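Remarks on the overall topology
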Amino acid sequence: MQWLSQYGYLIIVFIVLLAVFAFVFMKAVSAYSKHNKTYKAQEAELKRLTALKEKYKNATLDMLETYDESEISEGMALLYQIALQKSDDMEEAFRAMPKEKQYVYVLDVFTQDGSAGEFFTQNSEILTSIIVEALNAIGMTAFASELSAFAKMFDKDDEEVSYSTAAIEKFDKMMQEKDILAKIKLSSSKYIKENYDILKC
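Here we summarise the structure given alongside this text.

Reading the values: rules and limits
Residue numbering note: each chain is counted from 1, following its sequence as written. Confidence filtering applies because this is a predicted model: local features only for residues at pLDDT of at least 70, side-chain atom pairs given and counted only at 80 or more, and all residues used for totals across whole chains, interfaces and linings. Calculated side-chain values reflect all of the structure's heavy atoms, with hydrogen atoms and water omitted. Pairs were defined over the aromatic rings of Phe, Tyr and Trp, the Trp ring being its six-membered one, requiring ring centres within 6.5 Å. Orientation was assigned from the angle between planes: stacked under 30 degrees, edge-to-face over 60, tilted for the rest. Helix and strand definitions here come from DSSP, where helices need a minimum of 4 consecutive H or I residues and strands a minimum of 2 consecutive E residues; each element is numbered from the N-terminal end. Working rule for helices: expected span equals 1.5 Å times residues minus one. Using a 1.4 Å probe on the protein chains alone, a residue whose accessible area is under 20% of its type maximum counts as buried, one over 50% counts as exposed, and one in between counts as partly exposed. Residues grouped as a nonpolar core are buried Ala, Val, Leu, Ile, Met, Phe, Trp, Tyr and Cys residues, joined through side-chain atoms within 4.5 Å. Whether two residues are in contact is decided by their heavy atoms, any of which lying within 4.5 Å being enough. The definitions used throughout rest on a 1 Å grid laid over the protein atoms alone, on which a cavity is an enclosed set of points accommodating a 1.4 Å probe that cannot get out and a pocket is an open set flanked by protein within 12 Å on both sides along at least five of seven lines; lining residues are those having an atom within 4 Å of a point. Grid points are joined across faces, edges and corners, and a volume is the space filled by probe spheres set on the points. Residues are sorted three ways: Asp, Glu, Lys and Arg are charged, Ala, Val, Leu, Ile, Met, Phe, Trp, Tyr, Cys and Pro are nonpolar, and all the rest, Gly among them, are polar. Between N-to-C directions, angles span 0 to 180 degrees; the directions come from axes that are lines fitted to C-alpha atoms, helices contributing only their stretch in contact. Just so you know how the angles are binned, under 35 degrees is roughly parallel, over 145 roughly antiparallel, 65 to 115 roughly perpendicular, and the rest oblique. Should the near helix be turned counterclockwise from the far one by less than a right angle, the crossing is left-handed, whereas a clockwise turn marks it as right-handed.

1. Focus: the packing of aromatic side chains
- On inspection of all chains with the given rule, the structure shows 10 aromatic pairs.
- Look at Phe-143 and Phe-171: their rings are 5.9 Å apart centre to centre, the planes differ by 35 degrees, and that puts the pair in the tilted class. Taken as a pair, Phe-143 in helix 9 (residues 141–151) and Phe-171 in helix 10 (residues 165–177) lie far apart in primary sequence, 28 residues in all.
- Clustering of aromatic rings is evident, with ring pairs tying together Phe-110, Phe-119, Phe-120, Phe-143, Phe-150, Phe-154 and Phe-171.

2. Remarks on helix 5 (residues 99–113)
- An ideal rise of 1.5 Å per residue puts 21 Å on 15 residues; helix 5 measures up with 21 Å between its terminal C-alpha atoms.
- Most of helix 5 sits inside the fold, with 11 of its 15 residues counted as buried.
- Three or more residues of helix 5 are buried, namely Lys-101, Gln-102, Tyr-103, Val-104, Tyr-105, Val-106, Leu-107, Asp-108, Val-109, Phe-110 and Thr-111.
- Following helix 5 by one or two positions, Gly-114 adopts a phi angle in the positive range, close to 75 degrees.

3. Some points on the nonpolar core
- Ranked by internal contacts, the top residues of the largest apolar core, which has 48 residues, are Phe-110, Ile-131, Leu-135, Phe-143, Leu-147 and Ile-184.
- With sequence-adjacent residues up to four places away left out, Phe-110 is seen in contact with Ser-115, Ala-116, Phe-119, Ile-131, Phe-143, Leu-147, Met-175, Leu-181 and Ile-184.

4. Some points on the layout of surface pockets
- Empty space within the largest pocket amounts to approximately 240 Å³.
- Surrounding the largest pocket, 10 residues form its lining, Phe-120, Thr-128, Ala-151, Phe-154 and Asp-155 being those nearest its centre.
- Split into classes, the residues belonging to the lining of the largest pocket amount to three nonpolar, three polar and four charged.
- Approximately 180 Å³ is the volume found for the second largest pocket.
- Of all the secondary structure elements, the ones that give two or more residues to the lining of the second largest pocket are helix 1 (2–56), helix 3 (69–85) and helix 5.
- Across the lining of the second largest pocket, the residue classes tally to five nonpolar, two polar and four charged.

5. Some points on the packing of helix 3 against helix 11 (residues 180–194)
- In contact at an axis separation of 7 Å, helix 3 and helix 11 are set at 65 degrees when each is read in the N-to-C sense. Here helix 11 runs roughly perpendicular to helix 3, going by the angle between their axes. In the crossing of helix 3 with helix 11, the sense of the turn from one axis to the other is left-handed. Here Glu-69, Ser-70, Ile-72, Ser-73 and Met-76 of helix 3 come into contact with helix 11, specifically with Lys-185, Leu-186, Ser-188, Ser-189, Ile-192 and Lys-193.

Spelled out as structure tokens, the structure:
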């Protein structure tokens, strides 16, 4: 009992330090686990994109007919992205591309973003200015009209429509309910096949 009263404080301190160490250790393990998962996900995505590039870089129209229609627009847009990155001025190189390639590229960006609000807030005017035109080109005229009205929210010169988070969420929900992104991919795939002489790399 005398020993306990003499060293009790040190025992309490030791227990507290042990608990803190255990907590810090568990946090470190958790952080490492998350980092490892992120690294593996990035590595898997890099492998997927590399395989996609190899698949599409020499693809013929006959080969395209056998491919998954939901990935064709991504495969072609990836080739355009690689070509753009090799240029000294990406925006100038983009403007020099045939309109058909611009359409396929911007439509893929839109589907990759997954949200109309995300698309208009995260991308430059060079892309946002042609998305409606691109949708009309692939035959999605009804959605093009809806998106055109929605886009006014992001036009600083348009004083009639104000920015609204609720409106963005409502529009994105409508897109999900109507499966718009999947329809864009399929319509883009059809457009690519119909214009492959211009769109092939």
